[in-house]
Amino acid sequence: MFPEPLPTKSSTLMKSEIRIDLVSDTATRPTAAMREAMAKAPVGDESRGEDPSVNALCRRVAELTGKDAAIFLPSGTMCNQIAILVHCRHGDEILTATDSHIVNSEGAGAAALAGAFIRELPSVRGMFDPDALREAVQPKTYARAPRTSLVTVEQTNNAGGGSIWPLAKLQAIRETARGEGLKMHMDGARLLNAVVASGTTARAFADEVDSVWIDFSKGLGCPIGAALAGSHAFIKEAWTWKLRLGGGMRQAGIMAAAGLYALDHHVERLAEDHANAQLLAAALRDIPGIDIDLTPVETNLLFFTLMDATAEQLASELLAKGIRIGVESPVSMRAVTHIDISRADILEAADVIREVMADADRLRATA
Ligand SMILES: Cc1ncc(COP(=O)(O)O)c(C=O)c1O
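Residues numbered from 1 in each chain as written. Predicted model: local features only at pLDDT ≥ 70, side-chain atom pairs only at ≥ 80, totals over all residues. Heavy atoms only, no water.

1. Thoughts on the sheet that holds strand β10 (residues 301–306)
Reasoning step 1: Across the sheet, 4 strands lie side by side as β9-β10-β13-β12; this open sheet has antiparallel pairing. Each end of this open sheet is capped by a strand with a single partner; those strands are β9 (290–291) and β12 (326–329).
Reasoning step 2: In the packing of helix α12 (residues 270–285) onto the sheet, the strands contacted are β9, β10 and β13 (332–336), and the crossing angle to β10 comes to about 15 degrees. (Pairing = 2+ DSSP bridges. Helix = DSSP H or I, 4+ residues; strand = E, 2+ residues; numbered from the N terminus. Contact = heavy atoms within 4.5 Å. Axes fitted to C-alpha atoms, helices over the stretch in contact; angles between N-to-C directions.)

In structure tokens form, the structure reads like this:
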């Protein structure tokens, strides 16, 4: 087969053979109504600022987050990297939680592009406390020390199990960051999941940071796109980086229309994904050999640990039955609920997992 599929952390099957895809909320397909909105979108040259749909989406995200302006980008990774490029100079240090996306999953972009390095703070479920932050900031009086300039948070925390930074905790981090003269950036890949699950507004969360983005291609069900928001000065600089990196687009309104559609129709429904994650958690809790309680389920991400079998083994048995779940480590797995997963899919997936796990002796033997 050419081209070869890119290596991923979990085993791959052809998409058409997978009936229930719990590997990520990026597995969503645009709905017929979303495709119709995309087809009808008024468009223009985005890289000249002339695409009406992109401009409408950016205004919408700026309003939602209470920021001056926003910029449309192809991916969440580009939002993080451009924010780092704007906030940091070469040699700067970024503080963030252990295992955050910018640490493990962005190709060391902070180092490669901005010349900044990342120090991970001891964290629980993707969250660190103000003391850990304060202690990690390099002394400004010591000329040999790297200059700490940025702290980043993920809302929700991916590797932290979809956990939500409570507003008060975020405020405490903000206060410390401000006291230390640090800028603060929020990776909001799943900010709207946090909003729907907590009842706190996006604006309230975003008020605590200098820059923030939301992803359209995850729980919101769009095929592509993310929008990064901040002050006028921040967004002006972000535009320079976007064009420098080749992120300028042409008739991107087709993509922005999907985002506008999703903001109107796919936000409240995230509650269904959270309920489905809870349903799966409840079912897994009753299956011998599975430990689900290490990371409580707050939103649409669910991590579980296997006591007798390897994750690769369970994943491949499930794949053979058309169900895909991500492998996180030799003994842990991640399931993600999203718009293309129904309650019936969850019940079916739970039944199949129960069936496969009942055969734990065979799983162990083939592991
Ligand atoms: C927390 C987090 N940040 C950033 C990203 C990157 O987003 P994208 O895939 O749109 O580049 C992801 C993707 O899964 C993520 O989970």
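Once the structure has been displayed, the description carries forward.
2. Observations concerning the packing of aromatic side chains
Reasoning step 1: On inspection of all chains with the given rule, the structure shows 1 aromatic pair.
Reasoning step 2: The cationic tip of Lys242 hangs over the ring face of Trp239; the distance from NZ or CZ to the ring centre is 4.9 Å.
Reasoning step 3: Sitting over the ring of Trp241, Arg244 keeps its end group 4.4 Å from the ring centre. (Phe/Tyr/Trp six-rings, centres within 6.5 Å; stacked < 30°, edge-to-face > 60°. Lys NZ or Arg CZ within 6 Å of the ring centre and 35° of its normal.)

3. Quick look at the site of the ligand
Reasoning step 1: Near the ligand lie 14 residues; those nearest to it are Gly76, Thr77, Asp187, Arg190 and Lys218.
Reasoning step 2: At 2.8 Å, a backbone N or O of Gly76 approaches an oxygen atom of the ligand.
Reasoning step 3: Taken by itself the ligand offers 390 Å² of open surface, and the protein chains cover 85% of this.
Reasoning step 4: At the level of elements, α3 (76–87) and β7 (211–215) are the ones that each hand at least two residues to the shell around the ligand.
Reasoning step 5: Element by element, the count of residues in the shell around the ligand is highest for α3, at 3 residues.
Reasoning step 6: Classifying every residue of the shell around the ligand by side-chain character gives 2 nonpolar, 6 polar and 6 charged. (Near = heavy atom within 4 Å. Polar contact = N/O pair within 3.5 Å; in protein donor to acceptor, adjacent residues only side chain to side chain. Areas by Shrake-Rupley, 256 points an atom, 1.4 Å probe, with all protein chains shown as cover. Nonpolar A, V, L, I, M, F, W, Y, C, P; charged D, E, K, R; others polar.)

4. Here we look at the nonpolar core
Note that soluble globular proteins tend to have their nonpolar side chains buried in a common cluster.
Reasoning step 1: Of all hydrophobic cores here, the largest spans 52 residues; its most connected members are Phe72, Leu192 and Phe216.
Reasoning step 2: Ranked by residue count, the leading element in this core is helix α11 (residues 253–265), at 6 residues.
Reasoning step 3: Not counting residues within four places of it along the chain, the set of residues in contact with Leu192 comprises Leu64, Ala202, Ile214, Leu220, Leu263, Val267 and Leu270.
Reasoning step 4: Judged by nonpolar contacts, the second largest core, of 33 residues, contains Ala281, Phe304, Val327 and Ile353. (Core = buried A, V, L, I, M, F, W, Y, C linked by side-chain atoms within 4.5 Å. Buried < 20%, exposed > 50% of the residue type's maximum accessible area, 1.4 Å probe, protein only.)

5. With respect to α3
Reasoning step 1: Between its terminal C-alpha atoms α3 stretches 16 Å, which fits the 16 Å expected from 12 residues at 1.5 Å a residue.
Reasoning step 2: Every buried residue of α3 is listed here: Gly76, Met78, Cys79, Asn80, Gln81, Ile82, Ala83, Ile84, Leu85 and His87. (Expected span 1.5 Å × (residues − 1).)

6. Some words on the sheet that holds strand β5 (residues 147–154)
Reasoning step 1: Read from one edge to the other, the open sheet built from 7 strands follows the order β2-β8-β7-β6-β5-β3-β4, with strand pairing classed as mixed. Taken across any chain shown, the strands that pair with only one partner, and hence form the sheet edges, are β2 (69–73) and β4 (117–121). For this sheet the average axis-to-axis angle between neighbouring strands, irrespective of direction, equals 25 degrees.
Reasoning step 2: One ladder, built from 2 bridges, connects strand β6 (residues 183–187) with β7; its direction is parallel. Its bridge partner being in β7, His185 is matched across the sheet by Ser211.
Reasoning step 3: Of the strands in this sheet, β2, β7 and β8 (226–230) touch helix α2 (residues 52–65), which is tilted by about 130 degrees from β2.
Reasoning step 4: Sheet strands touched by helix α7 (residues 167–179): β5 and β6. Its angle to β6, the strand with the most contacts, is close to 150 degrees.

7. Quick notes on the packing of helix α13 (residues 311–320) against helix α14 (residues 343–358)
Reasoning step 1: For the pair α13 and α14, the least separation of the axes is 10 Å and the interaxial angle reads 125 degrees. Overall, the two elements α13 and α14 adopt an arrangement that is oblique. As for how α13 packs across α14, the hand of that crossing is right-handed. Contact residues: Leu314, Glu317 and Leu318 in α13; Val352, Ile353, Val356 and Met357 in α14.
Reasoning step 2: Broken down by class, the residue content of the contact of α13 with α14 amounts to 6 nonpolar, no polar and 1 charged. (Parallel < 35°, antiparallel > 145°, perpendicular 65-115°, else oblique. Left-handed = near helix turned anticlockwise from the far one by under 90°.)

8. Comments concerning the pattern of salt bridges
A side chain with one charge may pair with a side chain of the opposite charge, provided their charged atoms come close.
Reasoning step 1: Counted according to the given criterion, the structure contains 19 salt bridges.
Reasoning step 2: Here Glu46 ties to Lys242 by a salt bridge, and the two come within 2.4 Å at their closest N and O atoms. Taken together, the residues span a long stretch of sequence, with Glu46 in the loop between α1 (32–39) and α2 and Lys242 in helix α10 (residues 232–244) at a distance of 196 residues.
Reasoning step 3: One network of salt bridges, with partners in common, ties together Asp45, Arg48 and Arg250. (Salt bridge = Lys/Arg side-chain N within 4 Å of Asp/Glu carboxyl O.)

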